[in-house]
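Inside the fold
Residue-level listing of the chains:
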Amino acid sequence: FFKQEMETIYKTIIFCYLLLKIGVCEGQSLCDTTISDTTAGVWVVTEIMPTCNITAEELEYRVNYDLLLKDFNIGNGTVFKILFYINCKGEDFNYRVLNSDNEKFNKMFIGSIQSNTEWTPAYIIRKNKQIPVDFGLVLEFKIINGKIVYLDKHHYFIKRENRGKE
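Residues numbered from 1 in each chain as written. Predicted model: local features only at pLDDT ≥ 70, side-chain atom pairs only at ≥ 80, totals over all residues. Heavy atoms only, no water.

Re the nonpolar core
- Ile82, Phe105, Phe109, Phe141 and Ile148 are the most contacted members of the largest nonpolar core, which totals 31 residues.
- Contributing elements (two or more residues each) for this core: α2 (56-66), β3 (79-86), β4 (92-97), α3 (103-116), β5 (122-126), β6 (129-144) and β7 (147-150).
- Apart from residues no more than four positions distant in its own chain, Ile82 is found in contact with Tyr95, Arg96, Val97, Phe109, Ile110, Ile113, Leu137, Val138, Leu139 and Phe141. (Core = buried A, V, L, I, M, F, W, Y, C linked by side-chain atoms within 4.5 Å. Buried < 20%, exposed > 50% of the residue type's maximum accessible area, 1.4 Å probe, protein only. Helix = DSSP H or I, 4+ residues; strand = E, 2+ residues; numbered from the N terminus. Contact = heavy atoms within 4.5 Å.)

Here is the structure:
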């Protein structure tokens, strides 16, 4: 049994690293509420990643609608990351923009992401049962031609053909 579980974990780690190429691929095994201390608890590799209720393109449209970049003096080519947590109930919290010191922009950008998205929790699978876990998520954006563009469109967001089925 232990060998089989280790093989599953090993395959999941390789899958996350090689196929998904993501920075964060782990979830907290304890089901916490929206606590600010997200370092507590045991962290495990998740088999089912969290997903957003809208497409990446819809998020880009909504964020660019909510924010006018000319108001913030942020130039083309600027890359920034947003870190937040999704608990086992799908509640998102503790948002931070990692590499921007423009507090006004950070506050408005976080507000736009929070108001336009809903998330499903991440899950681990144990004995063929899905167990929701807390999850730390990093999304990376870049300013291209005066617009905020999400750089990793195939992760976390629903596919357009699935819209309306959920």
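Still more ground to cover, so stick around.
Some remarks on unusual backbone geometry
- Non-glycine residue Asn73 carries a positive phi angle of around 55°.
- Along the chain, Asn73 turns up in the loop between α2 and β3.
- For Asn73, a relative accessible area of 75% translates into the label exposed.
- Even without being glycine, Asn128 reaches a positive phi, approximately 60°.
- Tracing the backbone shows Asn128 in the loop between β5 and β6.

Focus: the pattern of salt bridges
- According to the stated counting rule, one finds 1 salt bridge in the structure shown.
- Of the charged contacts, one joins Glu47 and Arg126 as a salt bridge, the two residues approaching to 3.4 Å between their closest N and O atoms. Taken together, the positions of Glu47 in the loop between β2 (43-45) and α2 and Arg126 in strand β5 put the pair 79 residues apart, joining distant regions of the chain.
- Looking at Glu47, the relative accessible area reads 23%, which means it is partly exposed.
- With a relative accessible area of 23%, Arg126 lands in the partly exposed category. (Salt bridge = Lys/Arg side-chain N within 4 Å of Asp/Glu carboxyl O.)

A look at the packing of aromatic side chains
- In the structure shown here, the tally under the stated rule is 11 aromatic pairs.
- Between Tyr85 and Phe93 the ring centres are 6.2 Å apart and the planes differ by 35°, which places this aromatic pair in the tilted class. A single burial state applies to Tyr85 and to Phe93, both of which are buried.
- Taking the centre distance of 5.5 Å and the plane angle of 10° together, the rings of Phe105 and Phe109 count as stacked. Linking Phe105 with Phe109, this pair stays in helix α3, spanning 4 residues, or about one helical turn. Taken individually, Phe105 and Phe109 each receive the classification buried, so the pair is uniform in this respect. (Phe/Tyr/Trp six-rings, centres within 6.5 Å; stacked < 30°, edge-to-face > 60°.)

Keep in mind these numbers describe shape, not what the thing actually does.
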